[in-house]
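Remarks on the overall topology
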Amino acid sequence: MTSNEKPIYDSSKMEYRYLGNTGLRVSVLGFGVMFHDNIENMKELIKICLQNGINFFVTAEAYGFGIAEKTFGQALKELKIPREKIVVTIKIFKSGSDPNDVGEGRKHIIEGVKNSLKNLQLDYCDVVYAHRYDMNTPIEETVRAMNFLIEQGLTFYWATSEWTADQIERAFHIAKERNLIPPICDQAHYNLLYRENIDSNYRDLFRFRKYGITSFSPLEYGILTGKYFDGKSKDTERSKMGFLSEWEAKKGEWEPKLKKIQQLAKEKLNCSLAQLSIAWVVKNKDISTAILGAKKPEQLNENLKALEIVPKLTKDILEEIEKIMVDVIKRKQ
């Protein structure tokens, strides 16, 4: 390493929180591997993450049906990242179009995790998520399959993703009744625009279960960067996947309010709308980690500056944000 190079690991500027009711510590900002298929670009993103203390990474079998996992795994291998330095998580629900390529049944969970680990070139992962609740599979089968993965050393923990509070409680009940291992956290949709589960429905899970949250889309698929304001940008990749349908339907209502938030960010915090939005998520102590989804190194570096904004989010600033967003919040809840 030359005198001008950053060390590959630097946790000095990062905050770490326990992931739910466990001893696993994760960075308050994580990184999601989704629209990534370029190994060299992936290596640059991983280096930026590690140089800024990010240790939490998320991918899924559905992301490019294995392409994202393979890109991430090969990048880790080429960078020679020691396995114990990072927390790697996998989401399982759909890997293809065959009958058993979908769902949270025992066959797909176990085979899906093994295939994901093969793609990642890893012997184990830290957390396996049930990517969605499977209405067609008995919940006991899902809990038992996850328990099997842990007993076999293929993962340390299992978790839920976008499950309701009632569904999570059912998993805890089954686990206790059958002497199995319960889930530790949920990967939930949470940001300035989308917050009903975290702010309302999960309150007892936080209080009585110490349930963790790894929140995704803190920028609501780019809406909270302001890049779609005034019709300036068209992200066809996300539009084709339906991620921007709600924005297209409600931008007349949302855009004026978000512009006010953008002005507040600039005038009172000297930051961007994106940085304020990320900081707002991290400010919530019920959030274990907020998952960033940058594709470009410069975008990731800019988003990481959100950590500097978190302590500036005073009670008065937070109340001002809520006053601006109040009608949107009420309508979504």
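Residues numbered from 1 in each chain as written. Predicted model: local features only at pLDDT ≥ 70, side-chain atom pairs only at ≥ 80, totals over all residues. Heavy atoms only, no water.

This paragraph deals with the overall build of the chain. Counting secondary structure elements, the chain contains twelve helices and ten strands. Rg of the C-alpha trace for the chain: 20 Å, near the compact-globule value of 20 Å for 333 residues, within the 12% margin. Each of the three principal axes of the chain carries a C-alpha extent, and together these read 55 × 50 × 35 Å. In the chain, buried positions account for 54% of the 333 residues. Pairs at least 24 residues apart make up 79% of the contacts formed inside the chain by residues separated by at least 6 positions. For the chain, the exposed area adds up to about 15,800 Å²; of that, 48% sits on carbon and sulfur atoms. Each charge sign in the chain was given a centre, from 50 positive and 46 negative side chains, and these centres are 3 Å apart. (Helix = DSSP H or I, 4+ residues; strand = E, 2+ residues; numbered from the N terminus. Rg over C-alpha atoms; globule rule 2.2 N^0.38 Å. Buried < 20%, exposed > 50% of the residue type's maximum accessible area, 1.4 Å probe, protein only. Contact = heavy atoms within 4.5 Å. Areas by Shrake-Rupley, 256 points an atom, 1.4 Å probe, with all protein chains shown as cover. Lys, Arg positive; Asp, Glu negative; His and termini not counted. Charge placed at Lys NZ, Arg CZ, Asp CG, Glu CD.)

In this structure the tally under the stated criterion is 18 salt bridges. The partner of E15 in a salt bridge is R17, with the nearest N and O atoms 3.0 Å apart. Since its relative accessible area comes to 9%, R17 is described here as buried. K43 is the partner of E40 in a salt bridge, and the nearest nitrogen-oxygen pair spans 3.3 Å. Of this pair, E40 and K43 both sit in helix α1 (residues 39-51), separated by three residues, roughly a single helical turn. On the basis of relative accessibility, which here comes to 14%, the residue K43 falls in the buried class. Several salt bridges share partner residues, and in doing so they unite E140, R144, E177 and R178 into one network. (Salt bridge = Lys/Arg side-chain N within 4 Å of Asp/Glu carboxyl O.)

Before going further, it helps to examine the packing of aromatic side chains. Within this structure, the stated rule accounts for nine aromatic pairs. When the ring of F31 is compared with that of F57, the centres are 6.5 Å apart and the planes differ by 65°; the resulting orientation is edge-to-face. You can see F31 sitting in strand β3 (residues 29-32) and its partner F57 sitting in strand β4 (residues 56-60), a full 26 residues away along the chain. F31 gets classed as buried once you look at its relative accessible area, which sits at 0%. Measuring from centroid to centroid gives 5.0 Å for Y133 and W163, while their planes differ by 90°, and the two rings are edge-to-face. Of the two residues, Y133 sits in the loop between β6 (125-130) and α4 (139-151) while W163 sits in the loop between β7 (155-161) and α5 (165-178), which places them 30 residues apart along the sequence. (Phe/Tyr/Trp six-rings, centres within 6.5 Å; stacked < 30°, edge-to-face > 60°.)

Before going further, it helps to examine the pairing of β3. A regular strand places its side chains on the two faces of the sheet in alternate fashion. Burial along β3 is two-sided: the residues L29 and F31 and G30 and G32 are all buried. Relative to β4, β3 is paired through two bridges, and the arrangement is parallel. Of the residues in β4, the one forming a bridge with F31 is F57. Running through α1, the crossover from β3 to the neighbouring parallel element β4 is right-handed. (Pairing = 2+ DSSP bridges. Right-handed = clockwise from strand over helix to strand, strands pointing away.)

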